[in-house]
Amino acid sequence: MDYVNIRRQAASIRKGLFDQGYLDEQFYQLEDLQDDASPNFVDEVVTLFFRDSLRLMANIDQALDKCAKDFNKLDVYMQQLKGSCTSIGASKMKTECTAFRDYCRDENIEGCMRSFQKLKREHSVLRQKLESYFQQLRQAGPIECATRPSK
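No experiment lies behind these values; they were computed from the predicted model shown. (Residues numbered from 1 in each chain as written. Predicted model: local features only at pLDDT ≥ 70, side-chain atom pairs only at ≥ 80, totals over all residues. Heavy atoms only, no water.)

What to know about the confidence of the model for the protein chain
So, step 1. Across the protein chain, the average pLDDT comes to 91, with 93% of residues at or above 70.
So, step 2. Across residues 144-151 the pLDDT falls below 50, and counting only partners more than four positions away or on other chains, this stretch makes zero contacts in the model. (pLDDT = per-residue confidence, 0-100. Contact = heavy atoms within 4.5 Å.)

Quick notes on helix 2 (residues 25-32)
So, step 1. Those residues of helix 2 lying buried are Phe27, Leu30 and Glu31. Down the axis of helix 2, the buried side of the element spans an arc of 100°, and every buried residue falls inside it. Facing away from the buried side of helix 2, by more than 90 degrees, are the exposed residues Glu25 and Asp32.
So, step 2. Buried residues in helix 2 make contact with helix 1 (3-19), helix 3 (41-65), helix 4 (71-88) and helix 6 (109-140). (Buried < 20%, exposed > 50% of the residue type's maximum accessible area, 1.4 Å probe, protein only. Helix = DSSP H or I, 4+ residues; strand = E, 2+ residues; numbered from the N terminus. Arc of directions from axis to C-beta.)

Digging into unusual backbone geometry
Excluding glycine, a negative phi dihedral is what most residues carry, and trans is how most peptide bonds are arranged.
So, step 1. With phi around 55°, Glu107 is a residue other than glycine that occupies positive phi space.
So, step 2. Within the secondary structure, Glu107 sits in the loop between helix 5 (91-105) and helix 6.
So, step 3. On the accessibility criterion, Glu107 (57% relative accessible area) is exposed.

Observations regarding the nonpolar core
So, step 1. In this structure, Phe27, Ile60, Leu81, Phe100, Leu126 and Leu130 are the most contacted members of the largest nonpolar core, which totals 36 residues.
So, step 2. Counting residues per element, this core draws most heavily on helix 3, which supplies nine residues.
So, step 3. For Leu126, the contacting residues outside a window of four places in its chain are Leu17, Tyr22, Leu23, Phe50, Ala90 and Met93. (Core = buried A, V, L, I, M, F, W, Y, C linked by side-chain atoms within 4.5 Å.)

Here it is as structure tokens:
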């Protein structure tokens, strides 16, 4: 297997995530925390993000389905999701969370619904792209450092 080529593909996916606005500089900071002691740190944090975000989005879905809309509760859920997005640098999702919260403040349920549908699409695309990125990294294996042979 051509590990150099796989690493290039992973780098291309990563670059695309930034160029297309899916990720921001917070993701770089997350990567800076990864080291030899925790080589899968970013993958693990992102996995936790997707698990947590799915739970929060299910809560929002349920709150939107209720006849009496509780805009304060929706806003609280969305603030939690926005915080999670911010922590991994999920830029497009964070932007949509802000739009949703603005609609909550205006008590605009149609705006909330449209914004939430867009948020779910952004979530799905980001998940697919990050899963592809981390799959490429796993296939390539750890980066090996060149060492001099001992004499």
